[in-house]
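The primary structure of each chain is shown beneath.
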Amino acid sequence: MVCVVKIGGSLFPEYLNDLYPVFQHFSSEIVLVNGGGDLANKIRDYNLEFNYSDDVNHWCAIRCMDILGKLICDKFDDIIAIKSFDEIDKVHKMGKIPLILAYELMRQLDPLEHSWDVSSDSIACWVASEINAKLLILTNINGIYNGDIYSANRKLIKYISANELLLFDETCVDKCLPKLLLKYEVDCFIINGKRPEWVYSFLDDNLNANDTYTLIGGK
């Protein structure tokens, strides 16, 4: 089963060099979706000050995802930019790794609400549902925590249902994700992308090698 791997914007660009060999090893089994990183965060900052429309914010943030996606593909030869689901199998047969540039696909189908509650996490979930894939979100922390993530007393949650996650104010994933996990009946794993060996273990179906993750149950 193919796995959609969402590369958090917080991992760009510093941590991609270490993740790239992992992606190469599992090239025929993964589809990449990247976040908008600092570019999308700047759009959010502008909106806080100048209050742009939800539609403009939504499409500009997805444009930011495409920009970073193009930079990733330029840096790593085995990662190939695609704009449709039909191209996934073709790229896999080449022995390469498909990375979805989401803007044109989202413009064509427009499946998600236009708000800051929707980010690349939700887009990756939608992609996983469309291609019947597993979903892995890579971020810069270990997963979902009980309590303040900056506190020494924080506790990593190994499993949480999407229904329970709806009650959380803020986590490392966007606010719309749990609703979509329930809607599409998709489970989601969150792993720290700064630890490529943990990512390798997950993609190798060897979760016993690493127990530092969060599973969000959507089924």
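Since the model is a prediction, treat every value here as computed from it, not as a measurement. (Residues numbered from 1 in each chain as written. Predicted model: local features only at pLDDT ≥ 70, side-chain atom pairs only at ≥ 80, totals over all residues. Heavy atoms only, no water.)

1. Side note on the packing of aromatic side chains
- As enumerated under the stated definition, the model contains 7 aromatic pairs in all.
- On the basis of an interplanar angle of 45 degrees and a centroid distance of 6.3 Å, the ring pair of Phe50 and Tyr52 is categorised as tilted.
- With a relative accessible area of 41%, Tyr52 lands in the partly exposed category.
- Pairing Trp59 with Tyr103 gives two aromatic rings, centres 5.8 Å apart and planes at 80 degrees, and the pair type is edge-to-face. Within this pair, whereas Trp59 is found in helix α3 (residues 54-75), its partner Tyr103 is found in helix α5 (residues 102-109), the two being separated by 44 residues in sequence.
- On the basis of relative accessible area, Tyr103 is assigned to the buried category, the value being 11%.
- Here the aromatic residues Phe189, Phe202 and Tyr213 are joined through ring pairs into a cluster of three or more.
- Geometry around Trp59 places Arg107 over its ring, the cationic atom sitting 4.3 Å from the centre. (Phe/Tyr/Trp six-rings, centres within 6.5 Å; stacked < 30°, edge-to-face > 60°. Buried < 20%, exposed > 50% of the residue type's maximum accessible area, 1.4 Å probe, protein only. Helix = DSSP H or I, 4+ residues; strand = E, 2+ residues; numbered from the N terminus. Lys NZ or Arg CZ within 6 Å of the ring centre and 35° of its normal.)

2. Notes on the environment of Asp54
- In this fold, Asp54 is placed in helix α3.
- Residue Asp54 is classed as partly exposed on the basis of its relative accessible area, which comes to 44%.
- Sequence separation between Asp54 and Cys172 is 118 residues; the distance between their C-alpha atoms is 22 Å.

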